[in-house]
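# Notes for the structure review
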Amino acid sequence: MMSGTNGNVAVVNARISIEESDEPEAVVIRGSEIIAAGSHDALRPLIDGAGRAIDVGGRRLIPGLIDSHAHVVRAGASWNHRVDWSELDSLEHALETIREAARGAPPGRWIVVVGGWHPGRFAEGRGPTIDELSSAAPHHPVYVQLLYEKAWLNHAALEALTDGPHDLSAAWFERADDGRLTGAVTGAPGFSVCLDAAGHPSATEQATGTVEFFRTLNSLGLVGALDPGGLGMAPESYRPLFEVWRKNELSLRIRLFVMPDGRNDEIDQIRDFVRYLHPRFGDDMLRIGGAGEILTMGCWDGEGVRPFEATGASLRVLEEAVRLLATNGWSVHQHAVLDETISRVLDVWEAVDADVPLRPLRFALAHAEPINEHNLERVRALGAGIAVQNRMIYRAADSARLWGDEVLRRSPPLRSILDMGIPLGAGTDATTVSPYNPWWSIWWLVTGASVDGAEPRHRHHRLSREEALAAYTTGSAWFSGEEGRRGRLRPGMLADLAVLSDDYYSVDADAIRDLRSDLTIVGGRVVHASASIDIGSQS
């Protein structure tokens, strides 16, 4: 659903103020901007003069959510060719989705699940066995991937790989003592072999999937996302997105941070970015925000659950890249998990900052959960921000084994970040390593809890509900330099808002995860409405 507007639109009978009040409130929109927000009495002339009034029945109205770091372009391109487990709470339900997909697909069609789920969310407390996947889809190859740790192939998938031109001799493919493939796969190279065998959707299918995935995000109250590139994102990967944009079918504001595609000519690729692209090219719906998230693979520390050290050569490549980008006015959104990696990245940034001030460019660290106080001071001195995501709901226990329990309990140090005045944006890092649902991230910000058995984050570093929502709205808008136009229900701001299925400020903390949007508006256009909302028609 996407409904255009002409003249004024009023969203009425809403709850906007946090304070308890029986007085109905409203937001009035003209075109793509908010022109007024407040009580019905104060806004009565504007409401009466609106071409359309949408009554939301006393529901909570918030600024639309903005994910500060999510791989939505990559996810959208494959959306209709994947089975989504991210919202499931039992293994039996998950296996039923495999059976359902098999019933609707011709024999031989691959059934693929990639990320977004974790055994800790299943009532059974475990993932699938190869025999279970084979029983669910005996005539279809099945591939199920857990984070970037492990994947399972059913018997049909093993047969398809064995019969095809695929090299299965590497250690990525687990073998039993007698040399037989077990169906377990570990490591990104092995994952790539399987996904290549499964095939890739056409450009038209990718564009259709992008539209449908973005509408799914709209149904959760999301109105925008910063996409940091990610593994496998070559320049041609963005063509379906730009086609959707060209057709005016985007329902989510996208800020792209482009990155080299992993080849050895990383600096040459970055030179091409500077030569052929402009860091603010686009419009309010789609814009290039800068470069990221991996400028050189030699400084990429993965998910931060294994020891890693950037080499001197890699750091020199990173400095050349950052200097080239900063000199040409580009922002950088840099993946860095481990504190040692953060230290080395900040060494590079400080060296460049001595010649090219970074503060105006909105540089940012992504992830950075175990960052120490000294490095936080360095981030503040550079005028940089930190984009945090709820990766820890699935990786807290794994991270503790490397970082230690004490570091884990303060990761990320949210209170320190806010107290130092460092810009903080919230997000998910979806869709492989975490669910795309923003309410799971907000729940994690507020409660500090995970689903993998680890101890919760220390209470000192949990956010209030007001702070968590701010991090997901104006906080995330900072990273594209738009905090003055996005993330608040104020006159002059872009008309991006969500009307929630329940009151965020009063539901039990665990019920935050169950929130949805009954009405989502982006730039004055209705992009999602549940059956309980009558959006009416323009008068």
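My aim in this report is to walk through the structure given alongside it, one point at a time. Everything numeric in this text was worked out from a predicted model, so none of it was measured.

### Describing helix α12 (residues 373–382)
Within the span of α12, buried status applies to Asn375, Leu376, Arg378, Val379 and Leu382. The buried residues of α12 occupy one face: seen down the axis, they fall within an arc of 160 degrees. The outward face of α12, more than 90 degrees from its buried face, is lined by the exposed residues His374 and Ala381. On the buried face of α12, the contacting elements are α11 (339–353), β16 (364–367), β17 (385–389) and α15 (414–419).

### Describing the pairing of strand β12 (residues 222–227)
Taken across its six residues, β12 has six buried, putting it largely inside the fold. As paired strands, strand β6 (residues 65–67) and β12 are joined by three bridges and run parallel to one another. Paired with Leu65 across the bridge in β12 is Leu222. Alignment of β12 against strand β13 (residues 253–258), held across four bridges, turns out to be parallel.

### Some thoughts on the pattern of salt bridges
Here the structure, examined in full by the defined rule, presents 39 salt bridges. In this structure, Arg391 engages Glu369 in a salt bridge whose closest nitrogen and oxygen atoms are separated by 2.8 Å. With Arg391 in the loop between β17 and α13 (392–403) and Glu369 in the loop between β16 and α12, this pair connects stretches of sequence that are 22 residues apart. Exposure class is identical for Arg391 and Glu369. Each is buried. When salt bridges that share partners are traced, they join Glu33, Arg255, Asp284, Arg287, Glu482, Arg485 and Arg486 into one network.

### Thoughts on the nonpolar core
One finds Trp85, Ile254, Trp349 and Tyr504 to be the most contacted residues of the largest nonpolar core, which totals 126 residues. When residues of this core are assigned to their parent elements, the largest contribution, seven residues, is made by helix α16 (residues 438–447). Leaving out residues up to four positions away in the same chain, Tyr504 has contacts with Arg60, Trp439, Ile442, Val446, Arg465, Ala468, Leu469, Ile512 and Leu515. Formed by 19 residues, the second largest nonpolar core is a distinct cluster that contains Ala14, Val27, Val56 and Leu519.

### Remarks on the packing of aromatic side chains
If you walk through the whole model with that rule in mind, you get 16 aromatic pairs. Ring geometry for Trp478 against Phe479: centres 5.0 Å apart, planes inclined by 85 degrees, an arrangement best described as edge-to-face. Exposure remark for Phe479: the relative accessible area of 2% places this residue in the buried category. Between the NZ or CZ atom of Arg121 and the centre of the ring of Trp440, over which it lies, the distance is 3.8 Å. The ring of Trp444 carries the charged tip of Arg457 above its face, separated from the ring centre by 4.7 Å.

Parameters and conventions
- Residues numbered from 1 in each chain as written.
- Predicted model: local features only at pLDDT ≥ 70, side-chain atom pairs only at ≥ 80, totals over all residues.
- Heavy atoms only, no water.
- Buried < 20%, exposed > 50% of the residue type's maximum accessible area, 1.4 Å probe, protein only.
- Helix = DSSP H or I, 4+ residues; strand = E, 2+ residues; numbered from the N terminus.
- Arc of directions from axis to C-beta.
- Contact = heavy atoms within 4.5 Å.
- Pairing = 2+ DSSP bridges.
- Salt bridge = Lys/Arg side-chain N within 4 Å of Asp/Glu carboxyl O.
- Core = buried A, V, L, I, M, F, W, Y, C linked by side-chain atoms within 4.5 Å.
- Phe/Tyr/Trp six-rings, centres within 6.5 Å; stacked < 30°, edge-to-face > 60°.
- Lys NZ or Arg CZ within 6 Å of the ring centre and 35° of its normal.

Everything listed is a geometric property; what it means functionally is a separate question.
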